[in-house]
Amino acid sequence: MKAIFTTFLLIGINCCCVWGQQLQIEVTKLLPNFYVHTTYQLYNGKPFPSNGLIVRTTAGIVLVDTGWGTEQTEQLMQWIRKNLQEEVVLCIVTHAHDDRMGGISVLQKHGVKVISTPLTAQKTGKQGYSIPIGILPNDTTMRVGVTPIQTYFPGEGHTSDNIVVYFPDEKVLFGGCLIKSYMAMGIGNIADANLKAWGQSVKNVQRRFRETLVVIPGHEKWETLDSFSRTLELIEKNQKGN
């Protein structure tokens, strides 16, 4: 399967302004009916990207993770309405950090069902955010329209509640923040991480989804499967540094 990447800048919609800098969402076509949504926040004064998925099914649009905050999640909903002209029916939240769930209130306002594991729902509520429906077991398969979707908790890593989402028909894996981009220079936010378990959790994902053709990390680029090995390198480097 050859993935074709086409990036669309959001045009004609008000942009999020932070410290005088405009932040626009980007949407990149991955495969027919699959898009990566990329939203931003400032990190060390520069925009830093956060990835999620838009999946077009016969029953409507499925999102994997919200945009990074309410403003950009609203932009995302407007982009979908304008360009795909379909309703968002479901959002799967992959863990309880604001780059994954910071726009839940926007989605709920639009009538979108937002789901997660019970632990993610609990942790989200403790942080004062709108709470997703905590119904996902650690390992399950659901179907939206004719599209099968697998969610899997491989063990702790970036957080104690990080899950991955796999689309077996297309062999697309959304690794979220458990998986670092092949171009990542550092391991990133480890405030809630379990560094001892993280490497094994990544290997669990590799073994479980051996047929993966595309892996989308939580941040930065995704053009190769080298994100797996890069994640393991960064974990090992961080452990040695400590």
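Residues numbered from 1 in each chain as written. Predicted model: local features only at pLDDT ≥ 70, side-chain atom pairs only at ≥ 80, totals over all residues. Heavy atoms only, no water.

Next up on the list: the side chain of His 219. Checked against the element boundaries, His 219 lands in the loop between β15 (214–217) and α6 (227–241). Here the side chain of His 219 touches Pro 49 through a polar contact of 2.7 Å, landing on its backbone oxygen. A distance of 2.9 Å separates a polar atom in the side chain of His 219 from a polar atom in the side chain of Asp 99. His 219 has contacts with Phe 48, Pro 49, Ser 50, Asn 51, Trp 68, Asp 99, Arg 100, Cys 177 and Ser 181, leaving out every residue within four places of it along the chain. (Helix = DSSP H or I, 4+ residues; strand = E, 2+ residues; numbered from the N terminus. Polar contact = N/O pair within 3.5 Å; in protein donor to acceptor, adjacent residues only side chain to side chain. Contact = heavy atoms within 4.5 Å.)

It is worth spelling out the side chain of Ser 50 at this point. Topologically, Ser 50 is positioned in strand β6 (residues 46–57). Among the residues examined, Ser 50 registers a relative accessible area of 1% and is labelled buried. For Ser 50, the side chain forms a polar contact with the main-chain oxygen of Asp 99, separated by 3.5 Å. Only 2.6 Å separates the side chain of Ser 50 from the side chain of Arg 100, close enough to count as a polar contact. When near neighbours in sequence (up to four residues on either side) are disregarded, Ser 50 contacts His 37, Thr 38, Thr 39, Trp 68, Asp 99, Arg 100, Gly 218 and His 219. (Buried < 20%, exposed > 50% of the residue type's maximum accessible area, 1.4 Å probe, protein only.)

Moving on, we get to the pairing of strand β13 (residues 164–167). The alternating pattern of β13 places Val 164 and Tyr 166 and Val 165 and Phe 167 on opposite faces, both of which are buried. Where strand β12 (residues 147–152) lies against β13, three bridges are found, and the strand directions are antiparallel. When the sheet's bridge partners are listed, Thr 151 is paired in β13 with Val 165. The sheet contact formed by β13 and strand β14 (residues 172–176) spans three bridges and is antiparallel. Opposite Tyr 166, over in β14, you have Leu 173 as the bridge partner. (Pairing = 2+ DSSP bridges.)

Ranked by size, the top nonpolar core spans 23 residues in total, and within it Leu 30, Leu 53, Ile 92, Ile 149, Phe 167, Val 172 and Ile 216 carry the most contacts. Ile 61, Leu 76, Val 106 and Val 112 belong to the second largest nonpolar core, which has 21 residues in total. (Core = buried A, V, L, I, M, F, W, Y, C linked by side-chain atoms within 4.5 Å.)

Predicted confidence across the chain gives a mean pLDDT of 90, with 90% of residues reaching 70 or more. Contacts from residues 1–20, a stretch scored under 50 in pLDDT, to residues over four places away or in other chains number 53 contacts. (pLDDT = per-residue confidence, 0-100.)

As enumerated under the stated definition, the model contains five aromatic pairs in all. Taking 5.8 Å as the distance between ring centres and 65 degrees as the angle between the ring planes, the aromatic pair formed by Tyr 35 and Trp 79 counts as edge-to-face. Taken together, the residues Tyr 35 in strand β5 (residues 34–43) and Trp 79 in helix α1 (residues 70–83) connect sequence positions 44 residues apart. Each of the two residues, Tyr 35 as well as Trp 79, counts as buried. An aromatic cluster is present here, built from Tyr 152, Tyr 166 and Phe 209 joined pairwise through their rings. Across the ring face of Tyr 152, the terminal group of Arg 208 is positioned such that the distance to the ring centre comes to 4.8 Å. (Phe/Tyr/Trp six-rings, centres within 6.5 Å; stacked < 30°, edge-to-face > 60°. Lys NZ or Arg CZ within 6 Å of the ring centre and 35° of its normal.)

This part covers the pairing of strand β4 (residues 26–31). Bridge analysis of β4 against β5 gives five bridges, and the strand direction is antiparallel. When the bridges of β5 are listed, Glu 26 appears paired with Thr 38. The hairpin formed by β4 and β5 contains two residues between the paired strands, and Asn 33 there has a positive phi angle of roughly 75 degrees.

Under the counting rule described, the total for this entry stands at eight salt bridges. For Glu 74, the salt bridge identified is with Lys 109, shortest N-O distance 3.3 Å. Note that Glu 74 is positioned in helix α1 and Lys 109 in helix α3 (residues 104–109), a separation of 35 residues in sequence. Between Lys 123 and Asp 161 there is a salt bridge, and its shortest N-O distance comes to 3.4 Å. Of this pair, Lys 123 sits in helix α4 (residues 118–126) while Asp 161 is found in the loop between β12 and β13, placing the two residues 38 residues apart along the sequence. (Salt bridge = Lys/Arg side-chain N within 4 Å of Asp/Glu carboxyl O.)

Another aspect to go through is the sheet that holds β14. Strands pair in a sheet through their backbones, by hydrogen bonds, and they do so in one of two ways: parallel or antiparallel. Here we have five strands laid out as an open sheet, ordered β11-β12-β13-β14-β15, and mixed in their pairing. Across the chains shown, the open sheet's two edge strands, defined by having one partner strand only, are β11 (139–144) and β15. When strand polarity is set aside, the average angle formed by the axes of neighbouring strands in this sheet is 20 degrees. Strands β11, β12, β13 and β14 of the sheet are contacted by helix α5 (residues 195–208), whose axis makes an angle of about 150 degrees with β12. (Axes fitted to C-alpha atoms, helices over the stretch in contact; angles between N-to-C directions.)

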